[in-house]
Amino acid sequence: RAAGATEGALRLVGILFPEVSNILFRRFADGVGTYEALIIPVGNEIGADRLLAIRNLLETSSAFGTRVIVRTPDRLTVEIAAQLVMTPKSNDAQKAAARGSARVSILRFIERIPIGGTFVLNQLISDILDSHPQIFDAKILVYRFDGEPMILKNVQAKDDEVFVPDPEVQQAIRIL
C-alpha cells in the first residue's frame, strides 16, 4: 500500500476508468481511518465489476489502515411519456423517425444532468422540439420521479443523486 496518498492522487487512480467522470471524497465516512469515494459515472451508470476494480485500486493506493467505502450516487428514477404534435405534412416515415429522435434526445438529456443537478422541464421540451424538424409541439403526459407523479415543474436532485430512467418500468421513456 502507498504511504500517504493524497486525495488528488486517489482521484487520478479512479478516473483512469473511462466510465468515471469524477470521484468525490468524504473523510471519516465510517469513523477514523475510513473515507468514502463517491464515484461519478459518465452517463449516470456504472457496472458492479468496474466499481469493484476501482475499489481494489483505491485500497492498494491508500495508506495502511485506511478503509475505503466505494459507492455510486443514489438513483432518482424518471418515467416520462411525451406526445408529439407533428407538422401537418409529416408522412408516416417522418413521424416514426421523429419519435425515435425525441426518445434519444430525452435519454441524452437525462444523462447530461450532473450529480445533484436540476431536471429542467423547459429544457427537456426544448430538446424534444429540436430533435427533429417535423416536431411542432410536445406534451408531457407522464412525469414521475421515484415512481411518484410530479407536477410539471423542475425537479432538484439531492447532492448525491443522479437521474436515471426507471428500471422498474418496461419503457420508462415513451413517445406517443
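For the structure itself, look to the data block above.
The shown structure was predicted, so the numbers you read here are calculated from the model rather than taken from an experiment.

Description of the pairing of strand β4 (residues 74-86)
Pairing between β4 and strand β9 (residues 161-165): five bridges, direction parallel. Across the sheet, the residue bridging to leucine 76 is phenylalanine 163, located in β9. The pairing of β4 with strand β6 (residues 135-145) spans nine bridges and is classified as antiparallel. Across the sheet, residue alanine 82 finds its bridge partner in β6, namely isoleucine 140. Note that β4 and strand β10 (residues 173-175) share three bridges and pair parallel.

Describing the pairing of strand β2 (residues 34-41)
Within β2, eight of the eight residues are buried, which leaves it mostly tucked inside the rest of the structure. Burial along β2 is two-sided: Thr34, Glu36, Leu38 and Ile40 and Tyr35, Ala37, Ile39 and Pro41, pointing in opposite directions, are all buried. Note: strand β1 (residues 20-27) against β2, seven bridges, orientation antiparallel. Its bridge partner being in β2, arginine 27 is matched across the sheet by tyrosine 35. Here β2 pairs with strand β3 (residues 67-71) via five bridges, running parallel. When the bridges of β3 are listed, leucine 38 appears paired with arginine 71.

A word on unusual backbone geometry
Residues other than glycine predominantly adopt negative phi, and peptide bonds predominantly adopt the trans conformation. Its identity is not glycine, yet aspartate 146 carries a phi of approximately 50°, on the positive side. With respect to the helices and strands, the residue aspartate 146 is situated in the loop between β6 and β7 (148-149).

Some words on the environment of isoleucine 115
With respect to the helices and strands, isoleucine 115 occurs in the loop between α3 (92-112) and β5 (118-119). Considering only alpha carbons, one finds isoleucine 115 and leucine 76, 39 residues apart in sequence, at a separation of 10 Å. The residues touching isoleucine 115, leaving out its near neighbours within four places in the chain, are Leu38, Ile40, Pro73, Asp159, Asp160, Glu161 and Val162.

What counts and how
Residues numbered from 1 in each chain as written. Predicted model: local features only at pLDDT ≥ 70, side-chain atom pairs only at ≥ 80, totals over all residues. Heavy atoms only, no water. Pairing = 2+ DSSP bridges. Helix = DSSP H or I, 4+ residues; strand = E, 2+ residues; numbered from the N terminus. Buried < 20%, exposed > 50% of the residue type's maximum accessible area, 1.4 Å probe, protein only. Contact = heavy atoms within 4.5 Å.

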